[in-house]
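Understanding the architecture of this molecule
Chain by chain, the residues run as shown.
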Amino acid sequence: MPIEWRKGERQLHLHNDSISYVMRVLESGTLAHLYCGPRLASGHDYSHLVRSSFISRFNQVLDPIPMELPTAGSGDFRVPMLTVRHADGSTVLDLIYREHSITAGKPPLDGLPSTYVDDEAEAETVEIVLVDGHSSLKVRLLTTIYADRPVVTRSMRVTNDGTGDVKLTTAMSAALDLPDSDWHLLQLTGAWARETHIVDAPLVSGTRAVRSQRGSSGHHQNPFILLRRPSTTEAAGEAIGMSLVYSGNFLAQVEVDPYDTVRARIGFDPETIRWQITPGMDLQIPEAVLVWSDDGIGGVSDAYHRLYRERLATGSWRDKPRPVLLNSWEGVYFDFDEDTLVEMATAAKDLGAELFVLDDGWFGQRDDDTSSLGDWTVDLRKLPSGLPELVERVNELGLLFGLWIEPEMVNPRSRLFEEHAEWAVGFPGRPRSELRNQYVLDMSNIDVVDYLERVVGNVLNSAPISYVKWDMNRVITEPYGASLPPERQNEFFHRYMLGVYDLYARLTERFPDILFESCAGGGGRNDPGMLAFAPQAWTSDDTDAIERQRIQYGTSLVYPLVAMGAHVSDVPNHQVGRSTPLDTRAAVAFFGNLGYELDPRKLDDVEVERVQGQIAWYKERRQLLHTGRFHRLVSPFEGDRNETAWMTVADDGRHALVGWYRTLSRPMPGPSLLRLRGLDPGARYRVTIWPDADDWVTRANVMERGGDELMSQGLFLDDHAWESQARGDFQARIFELESLSE
Ligand code: DGJ
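Residues numbered from 1 in each chain as written. Predicted model: local features only at pLDDT ≥ 70, side-chain atom pairs only at ≥ 80, totals over all residues. Heavy atoms only, no water.

Our next topic: the packing of helix α6 (residues 446-461) against helix α7 (residues 492-510). Axis separation between α6 and α7 bottoms out at 10 Å; the angle between their running directions is 30°. Between α6 and α7, the angle falls in the class roughly parallel. With respect to the hand of their crossing, α6 and α7 are arranged in right-handed fashion. Of the residues in α7, those in contact with Ile446, Val449, Asp450, Leu452, Glu453, Val456, Gly457 and Asn461 of α6 are Gly499, Asp502, Leu503, Arg506, Leu507 and Arg510. (Axes fitted to C-alpha atoms, helices over the stretch in contact; angles between N-to-C directions. Helix = DSSP H or I, 4+ residues; strand = E, 2+ residues; numbered from the N terminus. Parallel < 35°, antiparallel > 145°, perpendicular 65-115°, else oblique. Left-handed = near helix turned anticlockwise from the far one by under 90°. Contact = heavy atoms within 4.5 Å.)

Right, dumping it as structure tokens:
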């Protein structure tokens, strides 16, 4: 039984083979947090882990007692998980345990995406009911432990059983109290075109926060934090991840208190999301996913990869090989007609692509980004025979057809705006910021969601469309929902997200066979909430192979390779102007969900042959790349930042692919080694290299070697210094290891 209730001590011990999570109802009725970490023996009382013997000068103060659901106003001065303003203006919230129930499985959350189980035996959930006697505010705290994963999920539902309105002023999905502060905090930080760069720094006294107030989880911070011990590496040591299944404004924060204990919390951004609960009503707070690992940062990533791939992503594409695509965007942008597209698709088919994606520019009268968002009917000037004819021609080539949409937006130059200017976010009469020449549609208004379901549904019904890229290209400014009363304007940002999730739910339900890819100017909304509906995301608008190493490396901290759209594009690269070799571009994109984003008609014969080889190579190995255990070997954020390496190993250890990349060539490199991980130490492996080359890397490495020495010594790099330096910048190699052992 993974959840054990000890009635005498009123202790709940959630455990599986690898982790334990313990809480206890104190004598006062407050719920204390006792422990989160490696598995503890069951059948024991752990109440001594609450340091109730700690007496500060004013011993009624709850610092530094660890809390499971910390509130404000009763002596806990650390950052809270839940705060309210009652109808009488008071803010004290005393949540007292009332009852709990333990059930097999994991219930879904009303209106919100969450991780799930396919079989009830996969997890067990405890629902703890706590009540504030004064106001009758009730919290149902859900904590789930998976049986075979080092994962605990948390969420809560807050109900107003009282008689007056209650305003939630802080609503976090989880708070985690840890008894010491000897940790580093890792966050995924960046901007448009350089998302998810890793920032790693020791904790110090006070608070550190990562957040978004932009209306989506954003390019700048991802809704994820990781704590690691100073000695923890990628491969070993203690690490804890906190990830939020939410796509809107969020806050993740870590506080080191005066006694050097830590509170980490993650949830709604309290400055921009507040919620009024009228009597009898409730609010579901999103889910936080906590992972504990003793296998280093890589252990945390592996748990997220598997969980998000297997039990967060939904739909018929979840377990299927994802098609290699050719996307029209960087190839032709807005400048195409039907014949252009069919010619591109024909060339894409010849390369080995399986899906042709028509990106922006096919609707309204959209020749650039100044018009037509909102007018989801085909532009007959460009596609005179309509979408069905185009899709048929593409299908006849033996390719699936995919389409770009950006449903949440409207251009002021559009029919939709002429008819429904009131649907754009903003306060009537006040100036609205135009970004990328567009406004945001008010997704908190059900009429807008209904409209979008109808018009987007019509498009998807009009032809056999197999894939949709759902974009979202601006932040939300001047937040105001015209359909909401004044007292509910603080709810706008969350109501917006509920509208987006509603639209996603309706469309994915109506079109279960369509593969959705989420996008927000690249990685501006790459989060677990989106992943629940769209099992892959466009990782970044930056397609440069060097920038992509950093972006994909950081993204892989949480998100699986199969969810990471990775395209080979033209050179000089359109974002940074860099020219990298074609095989280097592919060698980076292989460790993602491979696509091409260029005009295939412009490739010369040599390039066509190379790309054909790349796609064929990848197709044979995509199952391994997407379902194997991913290891980060050399970080582009450490040392001289000149090299990156990673590898994926099949779960049975028999097959592995190692990607190695060097940005700038350096004179006279000494012979170095690339140590591998995750292999079977007792197995013999045949080592081969992609791309084929008659050079020293090949001569030094192509042979049979033991898994033991490949992990303790490694692959050989730079055995011929002159050849290495003369190879030039932007080098990449893929090493393939196949077990020869029976
Ligand atoms: C931003 C996306 O990230 C790009 O890939 C492309 O789809 C453009 N939008 C189209 O406007």
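For the ligand, the set of nearby residues contains 13 residues, the closest of which are Asp359, Asp360, Lys469, Asp471 and Asp541. The separation between a nitrogen atom of the ligand and a polar side-chain atom of Asn473 is 3.3 Å. The separation between an oxygen atom of the ligand and a polar side-chain atom of Trp538 is 3.3 Å. Burial of the ligand by the surrounding chains reaches 98%, relative to a free accessible area of 290 Å². The residue inventory of the shell around the ligand, partitioned by class, reads 4 nonpolar, 3 polar and 6 charged. (Near = heavy atom within 4 Å. Polar contact = N/O pair within 3.5 Å; in protein donor to acceptor, adjacent residues only side chain to side chain. Areas by Shrake-Rupley, 256 points an atom, 1.4 Å probe, with all protein chains shown as cover. Nonpolar A, V, L, I, M, F, W, Y, C, P; charged D, E, K, R; others polar.)

Next up on the list: the pairing of strand β15 (residues 239-245). Of all the 7 residues making up β15, 7 are buried; the element is thus mostly covered by neighbouring parts of the structure. Across the two faces of β15 the burial is the same, with Ala239, Gly241, Ser243 and Val245 and Ile240, Met242 and Leu244 all buried. One ladder, built from 5 bridges, connects strand β14 (residues 221-228) with β15; its direction is antiparallel. Residue pairing across strands places Arg228 opposite Ala239, the latter belonging to β15. Relative to strand β20 (residues 287-293), β15 runs antiparallel, the two being bridged by 7 bridges. By the bridge assignment for β20, Ala239 is matched with Ser293. (Buried < 20%, exposed > 50% of the residue type's maximum accessible area, 1.4 Å probe, protein only. Pairing = 2+ DSSP bridges.)

On to the environment of Gly331, then. With respect to the helices, strands and loops of the structure, Gly331 is situated in helix α2 (residues 329-332). As a C-alpha pair, Gly331 and Leu598 span 267 residues in sequence and 3.9 Å in three-dimensional space. The contacts of Gly331, once residues within four sequence positions are left out, are Glu597, Leu598 and Asp599.

Next up on the list: the nonpolar core. The tendency in soluble globular proteins is for nonpolar side chains to be buried side by side. The biggest cluster of nonpolar side chains holds 192 residues, and the ones touching the most others in it are Leu82, Leu168, Tyr308, Trp362, Phe401 and Phe591. Element by element, the count of residues in this core is highest for α7, at 9 residues. Ignoring any residue separated from it by four or fewer positions in sequence, one finds Leu168 in contact with Leu82, Thr83, Val84, Val158, Arg274, Trp275, Ile277, Leu283 and Ile285. In this structure, Leu676, Tyr685, Val697 and Leu715 belong to the second largest nonpolar core, which totals 20 residues. (Core = buried A, V, L, I, M, F, W, Y, C linked by side-chain atoms within 4.5 Å.)

So, about the environment of Thr143. Its place among the elements puts Thr143 in strand β8 (residues 137-146). Dropping the residues within four chain positions of it, Thr143 is found in contact with Leu14, Tyr21, Met23, Glu124, Thr125, Val126, Val152, Thr153 and Arg154.

Here the focus is the sheet that holds strand β27 (residues 515-518). In a beta sheet, neighbouring strands pair by backbone hydrogen bonds and run either parallel or antiparallel. Read around the closed barrel, the 8 strands follow the order β21-β22-β23-β26-β27-β28-β29-β30; overall the barrel is parallel. Ignoring which end each strand starts from, the neighbouring axes of this sheet average 30° apart. Pairing between strand β26 (residues 467-470) and β27: 4 bridges, direction parallel. Across the sheet, residue Lys469 finds its bridge partner in β27, namely Glu517. Sitting on the sheet, helix α4 (residues 386-396) is in contact with β22 (355-358) and β23 (400-405), with an inclination near 140° to β23. Packing against the sheet, helix α9 (residues 545-555) makes contact with β28 (536-538) and β29 (564-569), and its axis sits at approximately 170° to β29.

Here we take up the packing of aromatic side chains. By the definition in use, this model includes 30 aromatic pairs. Judged by centre distance (5.6 Å) and plane angle (25°), the ring pair of Tyr501 and Phe533 falls under stacked. With Tyr501 in helix α7 and Phe533 in the loop between α8 (528-531) and β28, this pair connects stretches of sequence that are 32 residues apart. By relative accessible area, Phe533 is classed as buried at 15%. Here Trp646 and Tyr661 contribute two aromatic rings whose centre-to-centre distance is 5.3 Å and whose plane-to-plane angle is 65°, an arrangement assigned as edge-to-face. In this pair, Trp646 sits in strand β32 (residues 643-649) while Tyr661 sits in strand β33 (residues 655-662), placing the two residues 15 residues apart along the sequence. Cluster of aromatic residues (ring-pair linked, three or more members): Tyr246, Phe268, Trp470, Tyr501, Tyr504, Phe516 and Phe533. Taking the ring centre of Tyr146 as reference, the NZ or CZ of Arg149 above it sits at 5.7 Å. (Phe/Tyr/Trp six-rings, centres within 6.5 Å; stacked < 30°, edge-to-face > 60°. Lys NZ or Arg CZ within 6 Å of the ring centre and 35° of its normal.)

Before going further, it helps to examine the pattern of salt bridges. Evaluated as defined, the whole model comprises 61 salt bridges. The closest approach of N and O atoms between Arg306 and Asp302, which form a salt bridge, is 3.0 Å. Of the two residues, Arg306 and Asp302 both sit in helix α1 (residues 296-311), 4 residues apart, roughly one turn of that helix. Given the relative accessible area of 18%, Arg306 is considered buried. Salt bridges sharing common partners tie together Asp118, Glu122, Arg311, Arg318 and Asp319. (Salt bridge = Lys/Arg side-chain N within 4 Å of Asp/Glu carboxyl O.)

Turning to its location among the elements, Arg506 is positioned in helix α7. For Arg506, a relative accessible area of 18% translates into the label buried. Of note is the side chain of Arg506, whose polar atom sits 2.7 Å from the side chain of Asp450. In this view, Arg506 contacts Ile446, Val449, Asp450 and Glu453; residues no more than four positions away in its chain are not counted.

This brings us to a negative patch on the surface. Together, Asp570, Asp604, Asp605, Glu607 and Glu609 give the surface a local cluster of negative charge. Tracing the backbone shows Glu607 in helix α11 (residues 605-627). You can call Glu607 partly exposed: its relative accessible area is 30%. (Patch = residues over 30% accessible without salt bridge, like charges linked within 9 Å, V, L, I, M, F, W, Y side chains within 5 Å. Lys, Arg positive; Asp, Glu negative; His and termini not counted. Charge placed at Lys NZ, Arg CZ, Asp CG, Glu CD.)

Another point: α7. For α7, which comprises 19 residues, the first-to-last C-alpha distance of 27 Å matches the rise-based estimate of 27 Å (1.5 Å per residue) to within 8%. Along α7, the positions that sit buried rather than exposed are Phe492, Phe493, His494, Tyr496, Met497, Gly499, Val500, Tyr501, Leu503, Tyr504, Arg506 and Leu507. (Expected span 1.5 Å × (residues − 1).)

Next up on the list: the packing of α9 against helix α10 (residues 582-589). Across the interface, α9 lies against α10 with an axial gap of 9 Å and an inter-helix angle of 10°. Here α9 lies roughly parallel to α10, going by the angle between them. Along this stretch, α9 crosses α10, giving a crossing that reads as left-handed. Between α9, through Ala545, Arg548, Gln549 and Gln552, and α10, the contact on the second element is made entirely by Thr584, Arg585 and Val588. Here the residues of the contact of α9 with α10 sort into 2 nonpolar, 3 polar and 2 charged.

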